[in-house]
Amino acid sequence: MSSATREALPQGITWFKYAAPQTFFPLAGALAPWFAAIAVVLFVAGLYIGFFVAPTDAQQGEAYRIIFIHVPAAWMSMLIYLVMAFWAGVGLAFNTRLSHMMASALAPTGALFTFLALWTGALWGKPTWGTWWAWDARMTSELLLLFLYFGFMALQAAIDDPRRADKAGAVLALVGVINIPIIYFSVKWWNTLHQGASVSLKSAPTMATTMLTGMLVMVFACWAYAIAAALWRVRCIILERERRSDWVRDYLGAGR
Amino acid sequence: MNWGSAADFFAMGGYGLYVWGSYAVTAVCIAIELVSLARRRRAAGGPS
Amino acid sequence: MKPRHRRIVLIVAGVAGLGIAAWLVLSAFQQNLVFFFTPTQVAANEAPKGRAFRVGGMVEVGSVKRQPDGVTVQFVVTDTAKSIPVAYKGVLPDLFREGKGVVTQGRLENGLFVASEVLAKHDENYMPPEAADAMKKGQAINEKATHTIVNPPQGK
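What counts and what doesn't
Residues numbered from 1 in each chain as written. Chains lettered and ligands numbered in written order. Predicted model: local features only at pLDDT ≥ 70, side-chain atom pairs only at ≥ 80, totals over all residues. Heavy atoms only, no water. Helix = DSSP H or I, 4+ residues; strand = E, 2+ residues; numbered from the N terminus. Buried < 20%, exposed > 50% of the residue type's maximum accessible area, 1.4 Å probe, protein only. Contact = heavy atoms within 4.5 Å. Areas by Shrake-Rupley, 256 points an atom, 1.4 Å probe, with all protein chains shown as cover. Buried area = accessible area lost by both parts, 1.4 Å probe. Salt bridge = Lys/Arg side-chain N within 4 Å of Asp/Glu carboxyl O. Polar contact = N/O pair within 3.5 Å; in protein donor to acceptor, adjacent residues only side chain to side chain. Nonpolar A, V, L, I, M, F, W, Y, C, P; charged D, E, K, R; others polar. Core = buried A, V, L, I, M, F, W, Y, C linked by side-chain atoms within 4.5 Å. Patch = residues over 30% accessible without salt bridge, like charges linked within 9 Å, V, L, I, M, F, W, Y side chains within 5 Å.

Trainee: Help me understand the overall build of chain A, please; the structure alone is not making it clear to me.
Mentor: Counting its regular elements, chain A contains 9 helices and 0 strands. Ordering the α and β elements of chain A from the N terminus gives α-α-α-α-α-α-α-α-α. Evaluated residue by residue, chain A yields a buried proportion of 55% over its 256 residues. For chain A, restricting intrachain contacts to residue pairs at least 6 apart in sequence, the fraction spanning at least 24 positions comes to 72%. On chain A, roughly 11,000 Å² of surface is accessible, and the fraction owed to carbon and sulfur atoms is 69%.

Written out as structure tokens, the structure is:
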């Protein structure tokens, strides 16, 4: 948003100024360390609960403890994609650079969690199901999600003009949104090897309390980590894309 | 506490390879992401 | 605001359109998306003929028999309505248990499912062994109490 738009806004609505890369840059820099610290604390707490408080599982024995990273990674892989697609959509609709930058900042972290969901899932599947992988609806759609993230990043990297890269990536991100409900409902809509949801909004959890607590703490740990990583990355993107502007020159010229 | 000894903890009831293989790769991936972010920040902060 | 509004409407319409298209494609490929068939579906001839497919259900309690050759195992997959006998040569997964879920891949030959792969399918319940035992005891008491109502003498 240009400074002209800023001045036209009535008093009291100051949030929109953070839509400017120049204003958001220091805010991101101030927030990121807090989220990183929260992530560290929650990871320690979550892993402690997962390994030292939660008991063993009657069905799967100690192998089930992979749940404390597998489920958080899987939930994050989906949530980050939705947030990424949201900012991509906002960028397309309002033509705001920072929205697109945020989408681009989220993609690698989303891809990371998707890979971890698949990797930890494979390591969990082998001793329990008896196979590293199966082409059922859940696993196939999660793999498709990884391809969507890679496609988004590759598409943006392939297009030189940043504005066109933003738009192309945004269209791909939005089209891929349909995959998220497919991943989530796959175990309900189709016969799958992957079991149904243990935790949902509508029914009581089918997990012992300590196990559930450990898992939820880890979910929030991953969430805080993802926010910190995305904020740090968007700062890099801002510096890269705005490097010709006066404020970046001043900022970098000051010996940072 | 769940574990009789450190050996029990690392063995994870016979599933140690799978459990620790999961968490080790997670730690490595997070480390890679953080290192690459630091490098990217340094590169962006160079002379314009 | 007008061009912006139009852009939003176009984006929403575009995404909705692609979503509908994807949904149609998926429905059309519904058959190919089936990871396994239930014994009832197999009995209704919904499973493909002449090629390998998967059957999923529960391992019928008391049906697991190890053959004298030491390698072959026979068991029955059931969905409580229909059952299919299975023969399998190979190692069974750790979680393969009677009364628990199973997904097996193979071919149906003269009513016997010759399996090339057997996978254990577990449910979404996570609880410590003490809780599981308590549940089993509670279920056993319930079954005894309601046996005459739930299972009227019909013969299975």
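From this point, the discussion proceeds with the structure in view.
Trainee: When you look at the overall build of chain B in this model, what are you seeing that I'm missing?
Mentor: Secondary structure assignment for chain B yields 2 helices and 0 strands. The 48 residues of chain B split such that 38% are buried. For chain B, the exposed surface amounts to about 2,800 Å²; the carbon and sulfur share of it is 68%.

Trainee: When you look at the interface of chain C and chain A in this model, what are you seeing that I'm missing?
Mentor: Buried accessible area, meaning the area lost when the parts come together, often serves as the stated size of an interface. Listed by partner, the interface residues are 35 residues for chain C and 40 residues for chain A. Buried surface at the junction of chain C and chain A, both sides included, amounts to about 3,200 Å², of which 63% is carbon and sulfur. Three residues stand out in chain C for area buried against chain A, namely C:F35, C:H122 and C:Y126, and they jointly supply 24% of the buried area on that side. Linking chain C with chain A are 0 salt bridges. The interface formed by chain C and chain A contains 13 residue pairs in polar contact (both at pLDDT 80 or more). Every element with two or more residues in the side of chain C that touches chain A is listed here: α1 (2-28), α2 (30-33), β6 (112-121) and α4 (129-150) of chain C. Per element, the largest residue contribution to the side of chain C that touches chain A is 10 residues, and it comes from α1(C).

Trainee: So what exactly am I meant to see when it comes to the interface of chain A and chain B here?
Mentor: Each side of the interface is counted separately: chain A has 40 residues, and chain B has 26 residues. Between A:E240 and B:R40 there is a salt bridge; the shortest N-O distance is 2.8 Å. Between chain A and chain B we count 8 residue pairs in polar contact (both at pLDDT 80 or more) in total. Residues of the side of chain A that touches chain B, tallied by class, amount to 28 nonpolar, 3 polar and 9 charged.

Trainee: Could you clarify how one ought to interpret the environment of C:F35 in this entry?
Mentor: Within the secondary structure, C:F35 sits in the loop between α2 and α3 (39-43). When the C-alpha atoms of C:F35 and C:R54 are compared, they prove to be 6.8 Å apart, with 19 residues separating the residues in sequence. When sequence neighbours within four positions are dropped, the list of residues in contact with C:F35 reads A:A134, A:W135, A:D136, A:N191, A:T192, A:L193, C:R54 and C:V103.

Trainee: Explain the nonpolar core to me, please; I cannot follow it from the model alone.
Mentor: Nonpolar side chains in soluble globular proteins tend to be buried together. Counting residues in each nonpolar core, the largest one holds 86 residues, and the members touching the most others are A:I67, A:Y81 and A:M84. A total of 17 residues in this core trace back to one element, the largest contributor, which is helix α8 (residues 209-241) of chain A. Of all hydrophobic cores here, the second largest spans 18 residues; its members include C:V42, C:V73, C:V102 and C:V118.

Trainee: Would you explain a nonpolar patch on the surface in this entry?
Mentor: Residue and element names in this part refer to chain A. A cluster of nonpolar residues, V83, F86 and W87, forms a patch on the protein surface that exposes about 260 Å² of accessible area. For W87, the position within the fold is in helix α3 (residues 67-94). Residue W87 is classed as partly exposed on the basis of its relative accessible area of 30%.

None of this, on its own, says anything about what the molecule does.
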